[in-house]
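One letter stands for each residue in the lines below.
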Amino acid sequence: MQPLNPNYYTPDHIAFADTIRKFTAQEITPFAHDWEEAETFPRELYKKAANVGLLGLGFDEQYGGVGKTDAFYVLLSSIELAKAGSGGICASLLSHSIGAPPIQHFASDEVKARVLPSILSGEKISALAITEPNGGSDVAALQTRAVRDGDNFLVTGEKIYITSGMRADYYSVAVRTDPNAKGAAGISMLLIDAHSPGITKTQLHKTGWWASDTAQIHFDNVRVPASNLLGAENMGFFVIMNNFNMERFFLAASSYGFALVCYEEALEWAQQRKTFGKRLIDHQVMRHKLVDMATQLAATRALLEDTAWRLGQPDQQGSELIAQLCMLKNVATRTMQFCADAGVQTLGGMGFMRGTRIERIYRDVKVNMIGGGAEEIMKDLAGRQLGF
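Residues numbered from 1 in each chain as written. Predicted model: local features only at pLDDT ≥ 70, side-chain atom pairs only at ≥ 80, totals over all residues. Heavy atoms only, no water.

Concerning the overall build of the protein chain
If you tally the helices and strands in the protein chain, you get 13 helices and nine strands. Referenced to the eigenvectors of the C-alpha coordinate spread, the extents of the protein chain come out at roughly 80 × 45 × 40 Å. Sorting the 388 residues of the protein chain into buried and exposed places 53% on the buried side. Contacts in the protein chain between residues at least 24 apart in sequence constitute 76% of all its contacts with a sequence separation of at least 6. In the structure as shown, the protein chain presents an accessible area of about 17,100 Å², 53% of it carried by carbon and sulfur atoms. If you average the places of the 37 positive and of the 42 negative side-chain charges in the protein chain, the two averages end up 4 Å apart. (Helix = DSSP H or I, 4+ residues; strand = E, 2+ residues; numbered from the N terminus. Buried < 20%, exposed > 50% of the residue type's maximum accessible area, 1.4 Å probe, protein only. Contact = heavy atoms within 4.5 Å. Areas by Shrake-Rupley, 256 points an atom, 1.4 Å probe, with all protein chains shown as cover. Lys, Arg positive; Asp, Glu negative; His and termini not counted. Charge placed at Lys NZ, Arg CZ, Asp CG, Glu CD.)

What follows is the structure, given as structure tokens:
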């Protein structure tokens, strides 16, 4: 990786990246393969991540967050976590990064004070529950309903592909509170205790992200206090859309990090492996493959850093930034796809063996391209934001 651009990064950024690098090397990388095979990882990892400030990124200090940070912290920590080569561990360990922002930004002060400290300390786990079996990326089509019953809502419906859905303590759930409203109207967000009566969970088994706990959740007249509304009733679609920006940036940053791992492993292999009397890297075709990987990485890094800068500028928060985030996610996940494929091809048979980082990353490619809005949805949304 090229030296960090001093126009973007401060000594605090670099120190934090170093902390996460050491944390990953000590607490995740040595165990990643075994955790992938077991399709889980120890719950105590959340507390260890909290102790190095990883869980507090983007959250207020009064609730246990690390205070004022910017998107460059997210970018650097994503790159360092990717070095373990397990998207599943990263996804579940940081499921609060999409589950808890609606709490911080839209919950009442009482709910924030009651819930956020335990999440940010790693004691409790937060998950986001939006996607439904019949909806996919079409958020406005959701059918899970919440019917008012005095000071409570009764929630009935299903959610699917929910990261940390099995082990989570809190769900931030999209529900339909106005059955007569169409599309995005009539949707609300509710914070639901994941241990409430009426909730059943089924673990899902996936092509990739093996270490990530992913679930289908069924709500059967689950009683939820109306005080647990996140934002105003029937205004939940705004909460959901507000949450997508950083989710897509995180997915793009992670995809870049995994692509970088593939490139570095392929380069190291090509420098050592010998075929037909010379190193792989001494073959022109292999040098061109590595240059293609490096080129896509450099282009993706430039767009990531520009987007991270724009996310921190008050005058940049508009439709063009949303369009750029959509384009960034597509660019970064394609780079991950290209580098994972080229990396496996470079390692040959070894790249197809379980236990290598490249093999795990290769399995994880498609979920990054689908999660947070599929590639086709990103293109369509970007077009609308650009006015065509």
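Comments concerning the packing of aromatic side chains
Applying the stated criterion across every chain yields a total of nine aromatic pairs. Aromatic pair W35 and F41: ring centres 6.2 Å apart, planes at 45 degrees, arrangement tilted. No difference in accessibility class separates W35 from F41, as the two residues are buried. When the ring of Y171 is compared with that of F219, the centres are 6.3 Å apart and the planes differ by 85 degrees; the resulting orientation is edge-to-face. One end of the pair, Y171, is in strand β4 (residues 170-176); the other, F219, is in strand β7 (residues 214-225), with 48 residues separating them in the sequence. Exposure class is identical for Y171 and F219. Each is buried. Ring pairing ties together the aromatic residues F31, W35, F41 and Y46, which thus form one cluster. Taking NZ or CZ as reference, R148 lies 5.0 Å from the ring centre of F153, over its face. R248 extends its terminal NZ or CZ atom over the ring of F244, reaching a point 4.2 Å from the ring centre. (Phe/Tyr/Trp six-rings, centres within 6.5 Å; stacked < 30°, edge-to-face > 60°. Lys NZ or Arg CZ within 6 Å of the ring centre and 35° of its normal.)

Considering the packing of helix α10 (residues 284-311) against helix α11 (residues 319-347)
The contact between α10 and α11 brings their axes to 9 Å, and the two run at 155 degrees. The orientation of α10 relative to α11 falls into the category roughly antiparallel. Judged by the twist between their axes, the crossing of α10 over α11 is left-handed. For the contact of α10 with α11, a count of residues per class yields 14 nonpolar, eight polar and five charged. (Axes fitted to C-alpha atoms, helices over the stretch in contact; angles between N-to-C directions. Parallel < 35°, antiparallel > 145°, perpendicular 65-115°, else oblique. Left-handed = near helix turned anticlockwise from the far one by under 90°. Nonpolar A, V, L, I, M, F, W, Y, C, P; charged D, E, K, R; others polar.)

Comments concerning unusual backbone geometry
Of note, the phi angle at E39 is positive, near 60 degrees, even though the residue is not glycine. Its location among the elements puts E39 in the loop between α2 (32-38) and α3 (44-51). Unusually for a residue other than glycine, W209 sits at a positive phi of about 50 degrees. By the element assignment, W209 lies in the loop between β6 (199-203) and β7.

Considerations on the packing of helix α4 (residues 71-82) against helix α9 (residues 236-272)
How two helices pack is summed up by the angle between their axes together with the distance between the axes. As a packed pair, α4 and α9 sit with axes 8 Å apart at the nearest point and diverge in direction by 40 degrees. Here α4 is positioned oblique relative to α9, judged by the angle of their axes. Between α4 and α9 the crossing geometry is right-handed. Of α9, the residues touching α4 (which contributes A71, V74, L75, S78, I79 and A82) are M246, F249, F250, A253, S254, Y256, G257, F258, L260 and V261. Taken together, the residues of the contact of α4 with α9 sort by class into 13 nonpolar, three polar and no charged.

Structural notes on the nonpolar core
Within the largest apolar cluster, 89 residues are counted, with the highest numbers of intra-cluster contacts made by I28, V155, Y171, L190, I192, F219 and F249. Once residues within four sequence positions are removed from consideration, I192 is found in contact with V155, D169, Y170, Y171, V173, I199, F219, V222 and V224. Membership of the second largest hydrophobic core comes to 24 residues, among which are L116, L142, A174 and F244. (Core = buried A, V, L, I, M, F, W, Y, C linked by side-chain atoms within 4.5 Å.)

So, the pairing of β7
Relative to β7, strand β3 (residues 152-163) runs antiparallel, the two sharing nine bridges. Bridge pairing links V155 to V222 in β7. For β6 and β7, the ladder comprises five bridges, and the chain directions are antiparallel. Bridge assignment links Q203 to a residue of β7, and that residue is A215. (Pairing = 2+ DSSP bridges.)

Honestly, it's all geometry; don't read function into it.
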